[in-house]
Amino acid sequence: MIITEKAKDISLLDSQNPLQDILKPRNERIKKFNKGHIVPIYCYRYIGICDNVTNYLEELRNLECNLKKTSEPYLIIKQGLTNSHSNEEIEKAVAIWDQFEKWENDSKRSYIELYRIVWDTKISNTTVNWTIKRSLSKILELFDDIEKSKNQSIRRNYGLSLILWVNSYLSSLFSGEMKSNSIPKFIFWGAIRRNEAYFFIFLSMLGCDALYINATNDKEFNRIDLRNTYVKLIEHDMRIEICDFPKSKESKVVREFPAKHISQTISPDPAPITHTKHMEKSYEELAKLSDSIVMVNVYDDDHVHCGSGSGVVIDEDGTIVTNYHVIKDGSFFGILFENNKSEYITHTMISNNEQKDLALLQIDCKTRPIPIKSSDSLKRGQQIVAIGSPLGLMNTISDGIIAGFRSFDDQNFIQITAPISPGSSGGALLDRYGSLVGITTGGYTKGQNLNLAIPSIEITKLLLISSFNRRRKT
């Protein structure tokens, strides 16, 4: 077999004002790159503000307005990339990753075998599809070079996240109707997570103009691209805290534009809302609680990784609750927090209840807990959110309702419709106020979304027993 497709290459262009230059059509860029497989792109971090807040906000409004007027597809990310994926989406991503991992482990690493990987991106352009596969290889080489201390489960988690984001976003950026000389635009606003930063670089490898805008800091890119090799930098001395991307003056008519122009926050300016502890949280606010939900790696006596699951921080002193069945065969455990490269190793299991399938681990670290709420107040039909690490995909978020309350062998369970998979065990079941009402534990493999969680009252009981035993020992 001969590969007839030629993958895209990119040329990073210099700019003094990427917010304006990103709008330039391809034929107004470097002429020698107007044809062929080399795409002249702008890939920049725009950090801080150069003048004053009023002018800065006007710059951003104008950017969005001008993007709406262009004929080229664009995507503005204002609240981070999605971490909410269905079981079917995750299974498809795992199938793609398994093919890629098999290719990586082949000593020959034939490009023909890479080309043959089955990956339905919903993109009709065969050149783009081939470039995606080539770029997946390149971005993982970059990941391996920078993240030398990461273990294979973290690398797999990153690879799966990237595949899921490709499947979620790229068909809009590379739609079948786009012109052959079009250059899609990708704008990322605000704090960016490490995996998202790698995805940003990945998109530039595909021939997208990419612009990262942050008025406060450049933390993640500063760490993974210190020499500005992949993403050029314009940095201003003035730094401010801005919570929201300013709404464009045309925001009320954004729905009149073609579907290929996508923004994750396209609604008109809402009335100001003051959040109180009694107000339900948005899904975006609930997603931020992922900082207090961990992946639990299990190791045996020979330091061999023998399993993983999820866990939830429940106090400020490093106490983590998980399922007993997650850790029962382990000699020690590695605790991974999102956006933290350190794996906290612990041999300390404070307490456990095998019958209730709960265990408490402790790490030597100050932590931010999720408040525990009594599960006695839960009602059937109530909305809930589950956060865990199914199939190693760290802090995947799914939502659903409470389907019922069940009892098996003197153990009470909350039945939920939120999708969970192997690896979700020990994860958080949250109500819409952000309180911990249960621990996800398993489900019926023969049914659709027939899943179970252990009520939070059992966590409270285990904490009380643990506290009593500690006081008795002292």
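Just so it is clear, the structure is predicted and the values come from calculations on it, not from any experiment.

(A) Local environment of the packing of aromatic side chains. Taken as a whole, this structure holds 18 aromatic pairs when the rule is applied. Centroid distance Tyr115 to Trp130: 5.1 Å. Interplanar angle 70°. Geometry classified as edge-to-face. With Tyr115 in helix H4 (residues 111-116) and Trp130 in helix H5 (residues 126-146), this pair connects stretches of sequence that are 15 residues apart. Ring centres of Phe408 and Phe413 lie 6.0 Å apart, and the angle between their planes is 45°; on these two criteria the pair is classed as tilted. Look at Phe408 and you get partly exposed, because its relative accessible area is 34%.

(B) Spotlight on the nonpolar core. Counting 63 residues, the largest nonpolar core has Ile139, Leu170 and Phe202 as its most contacted members. Looking at this core, the element that brings in the most residues is helix H6 (residues 152-173), giving 11 residues. When residues are assigned to domains, this core turns out to be shared by domain 1 (9-235) and domain 2 (278-473), each giving three or more. When neighbours within four sequence positions are excluded, Leu170 is seen to be in contact with Ile123, Ile132, Trp165, Phe199, Leu203 and Leu206.

(C) Expanded view of the confidence of the model for the protein chain. In the predicted model, the protein chain carries a mean pLDDT of 85, and the fraction of residues at 70 or more is 88%. Considering only residues more than four positions removed or in separate chains, one finds that residues 250-277, a stretch of pLDDT under 50, has 47 contacts.

(D) Representation of the environment of Ile293 in the model. Among the secondary structure elements, Ile293 is positioned in strand S9 (residues 293-299). Spatially, the C-alpha atoms of Ile293 and Ala428 are 7.2 Å apart, while their sequence positions differ by 135 residues. Other than its neighbours up to four places away in sequence, Ile293 contacts Gly311, Ile370, Ile387, Met394, Asn395 and Ala428.

(E) Representation of the environment of Lys328 within the structure. Among the secondary structure elements, Lys328 is positioned in the loop between helix H10 (324-327) and strand S12 (332-336). Taking the C-alpha atoms as reference points, Lys328 and Val298, separated by 30 residues in sequence, lie 8.9 Å from one another.

(F) Summary view of the pattern of salt bridges. Counted under the stated rule, the structure contains 27 salt bridges. A salt bridge links Arg155 to Asp144, with the shortest nitrogen-to-oxygen separation between them at 2.7 Å. You can see Arg155 sitting in helix H6 and its partner Asp144 sitting in helix H5, a full 11 residues away along the chain. With a relative accessible area of 8%, Arg155 lands in the buried category. Residue classification places Asp144 among the partly exposed residues on the basis of a relative accessible area of 34%. A salt bridge links Lys185 to Asp209, with the shortest nitrogen-to-oxygen separation between them at 2.7 Å. Placement of Lys185 in strand S5 (residues 185-189) and of Asp209 in strand S6 (residues 209-214) is noted, with a sequence separation of 24 residues between them. For Lys185, a relative accessible area of 0% corresponds to the buried category. Judged by its relative accessible area of 0%, Asp209 falls in the buried class. Each of Arg29, Glu72, Lys185 and Asp209 takes part in one network of salt bridges that share partners.

(G) Structural context of the environment of Val304. For Val304, the location among the structural elements is in the loop between S9 and strand S10 (305-313). Here the alpha-carbon distance between Val304 and Gly330, two residues 26 residues apart in the chain, equals 9.6 Å. Other than its neighbours up to four places away in sequence, Val304 contacts Val298 and Tyr299.

(H) Spotlight on helix H7 (residues 194-205). Its 12 residues place the ends of H7 17 Å apart at the C-alpha level, agreeing with the 16 Å of an ideal helix rising 1.5 Å per residue. Counting buried residues along H7, 12 of its 12 residues qualify, which places the element largely inside the surrounding structure. Looking only at H7, the buried set comprises Arg194, Asn195, Glu196, Ala197, Tyr198, Phe199, Phe200, Ile201, Phe202, Leu203, Ser204 and Met205. Remark: Gly207 follows H7 within two positions and exhibits a positive phi of approximately 95°.

(I) Seen up close, the sheet that holds S10. Strand order in this open sheet of seven strands is S13-S12-S9-S10-S11-S15-S14, and the pairing throughout is antiparallel. Each having just a single partner strand, strand S13 (343-346) and strand S14 (349-353) make up the two edges of the open sheet. Adjacent strand axes in the sheet meet at a mean angle of 30°, parallel and antiparallel pairs treated alike. Relative to S12, S9 runs antiparallel, the two being bridged by five bridges.

(J) View of the packing of H5 against H6. The interhelical angle for the contact between H5 and H6, taken along N-to-C directions, is 145°, at an axis separation of 11 Å. Our pair here, H5 against H6, has a crossing hand that is right-handed. Here Ile132, Leu136, Ile139, Leu140, Phe143 and Asp144 of H5 lie close against H6, whose contacting residues are Ile154, Arg155, Tyr158, Leu162, Val166 and Leu170. Within the contact of H5 with H6, the residues separate by chemical class into 10 nonpolar, no polar and two charged.

(K) Quick peek at unusual backbone geometry. The backbone of Asn228 sits at a positive phi, close to 60°, despite the residue not being glycine. Mapping Asn228 onto the fold places it in the loop between helix H8 (219-224) and strand S7 (232-235). Since its relative accessible area comes to 27%, Asn228 is described here as partly exposed.

(L) Expanded view of helix H3 (residues 87-105). Taking 1.5 Å per residue as the helical rise, H3 with its 19 residues ought to reach 27 Å, and the 27 Å between its terminal C-alpha atoms agrees with that figure. Among the structural elements, H4, H5, H6 and strand S17 (396-408) are those in contact with the buried residues of H3.

(M) Expanded view of the pairing of strand S11 (residues 319-322). Here S11 shows no split at all, with Thr319 and Val321 on one side and Ile320 and Thr322 on the other all buried. Two elements, S10 and S11, share two bridges in a ladder whose sense is antiparallel. Looking at the pairing, Val313 lines up with Ile320 of S11. Connecting S10 to the next strand, S11, in antiparallel fashion are five residues, including Gly318 with a positive phi near 85°. Across four bridges, S11 lies against strand S15 (residues 358-362) in antiparallel orientation. Bridged to Ile320 within S15 is Leu361.

Calculation rules
Residues numbered from 1 in each chain as written. Predicted model: local features only at pLDDT ≥ 70, side-chain atom pairs only at ≥ 80, totals over all residues. Heavy atoms only, no water. Phe/Tyr/Trp six-rings, centres within 6.5 Å; stacked < 30°, edge-to-face > 60°. Helix = DSSP H or I, 4+ residues; strand = E, 2+ residues; numbered from the N terminus. Buried < 20%, exposed > 50% of the residue type's maximum accessible area, 1.4 Å probe, protein only. Core = buried A, V, L, I, M, F, W, Y, C linked by side-chain atoms within 4.5 Å. Domains from an automatic or database assignment. Contact = heavy atoms within 4.5 Å. pLDDT = per-residue confidence, 0-100. Salt bridge = Lys/Arg side-chain N within 4 Å of Asp/Glu carboxyl O. Expected span 1.5 Å × (residues − 1). Pairing = 2+ DSSP bridges. Axes fitted to C-alpha atoms, helices over the stretch in contact; angles between N-to-C directions. Left-handed = near helix turned anticlockwise from the far one by under 90°. Nonpolar A, V, L, I, M, F, W, Y, C, P; charged D, E, K, R; others polar.

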